[in-house]
Amino acid sequence: MNKQELISSVADASGLTKADASKAVEGVFDAITGALKKGDEVRLVGFGTFSVSKRKASTGRNPRTGEPMKISASTQPKFKAGKGLKDAVNQSPLLREMQKNGRVASGGAARLFVSPTALSFEAPLSNGLAAKCGRVAQW
């Protein structure tokens, strides 16, 4: 996804015009950039943390000539993903499909079961019960 696609997605999700969504996205980027310039951390619970890391000066080697060269100190932006983002990215594609169809509750976590002959999983249903969703792999 590029910046324009992000703006379109924000506009669709929020009901804003593309111009207003563009201002909102730019505002978020400017706020994060401004905080990092000051050396502050930006914590978005469930999403992640933006921070800065200072790198010391060091000596490296020019890959072409092999000669030593000085690498100056610098400040690097960093991002560490939060639990909510990690969970969303690492969720099983099969479980996501079942949630999309409304067969599985979106808040619960699936449990995997490994036996000597198969791998299966159980997922919470939208009515509060758990259902065995069948075999994912068999050997």
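Whatever comes next refers back to the structure up there.
Attention here is on the structure that accompanies the text. Please read all numbers here as calculations on a predicted model, not as lab measurements.

Conventions used here
Residues numbered from 1 in each chain as written. Predicted model: local features only at pLDDT ≥ 70, side-chain atom pairs only at ≥ 80, totals over all residues. Heavy atoms only, no water. Helix = DSSP H or I, 4+ residues; strand = E, 2+ residues; numbered from the N terminus. Areas by Shrake-Rupley, 256 points an atom, 1.4 Å probe, with all protein chains shown as cover. Pairing = 2+ DSSP bridges. Axes fitted to C-alpha atoms, helices over the stretch in contact; angles between N-to-C directions. Polar contact = N/O pair within 3.5 Å; in protein donor to acceptor, adjacent residues only side chain to side chain. Left-handed = near helix turned anticlockwise from the far one by under 90°. Contact = heavy atoms within 4.5 Å. Nonpolar A, V, L, I, M, F, W, Y, C, P; charged D, E, K, R; others polar. Buried < 20%, exposed > 50% of the residue type's maximum accessible area, 1.4 Å probe, protein only. Core = buried A, V, L, I, M, F, W, Y, C linked by side-chain atoms within 4.5 Å.

1. Concerning the overall build of the protein chain
(1) Moving on: Helix and strand counts for the protein chain come out as four helices and eight strands.
(2) Moving on: The N-to-C order of helical and strand elements in the protein chain reads α-α-β-β-β-β-β-α-α-β-β-β.
(3) Moving on: As presented, the protein chain carries roughly 10,600 Å² of accessible surface, and 55% of it is formed by carbon and sulfur atoms.

2. Section: the sheet that holds strand 2 (residues 48-55)
Picture the strands of a sheet paired through backbone hydrogen bonds; they go either parallel or antiparallel.
(1) Moving on: Pairing is antiparallel across the open sheet formed by three strands, whose spatial order is 1-2-5. Among the strands making up the open sheet, the edge pair consists of strand 1 (42-44) and strand 5 (74-81). Ignoring which end each strand starts from, the neighbouring axes of this sheet average 25 degrees apart.
(2) Moving on: In terms of strand pairing, strand 2 meets strand 5 through eight bridges, oriented antiparallel.

3. Focus on the environment of N2
(1) Moving on: Following the sequence through the fold, N2 ends up in the segment before helix 1 (3-14).
(2) Moving on: In this structure the side chain of N2 is engaged in a polar contact, spanning 3.1 Å, whose partner is the backbone nitrogen of Q4.

4. Focus on the packing of helix 1 against helix 2 (residues 18-37)
A pair of packed helices is characterised by two quantities: the angle between their axes and the separation of those axes.
(1) Moving on: Between helix 1 and helix 2, whose axes approach to 8 Å, the crossing angle comes to 115 degrees. Considering the relative orientation of helix 1 and helix 2, their crossing is right-handed. Across the interface between the two elements, K3, L6, I7, S8, V10 and A11 of helix 1 pack against K18, A21, S22, V25, E26 and F29 of helix 2.
(2) Moving on: Each residue belonging to the contact of helix 1 with helix 2 can be placed in one class, and the counts come to seven nonpolar, two polar and three charged.

5. Digging into the environment of V10
(1) Moving on: As for its placement among the helices and strands, V10 is situated in helix 1.
(2) Moving on: Exposure remark for V10: the relative accessible area of 27% places this residue in the partly exposed category.
(3) Moving on: Separated by 15 residues in the primary sequence, V10 and V25 have C-alpha atoms spaced 8.1 Å apart.
(4) Moving on: Once you skip the residues sitting within four places of it in the chain, V10 turns out to touch G15, A21 and V25.

6. Structural notes on the nonpolar core
A general feature of soluble globular proteins is that nonpolar side chains tend to end up buried together.
(1) Moving on: Membership of the largest hydrophobic core is limited to five residues, which are I32, A35, L36, V42 and F50.
(2) Moving on: By residue number, the principal contributor to this core is helix 2, which donates three residues.
(3) Moving on: Filtering out sequence-adjacent residues up to four positions away, I32 remains in contact with V42 and F50.

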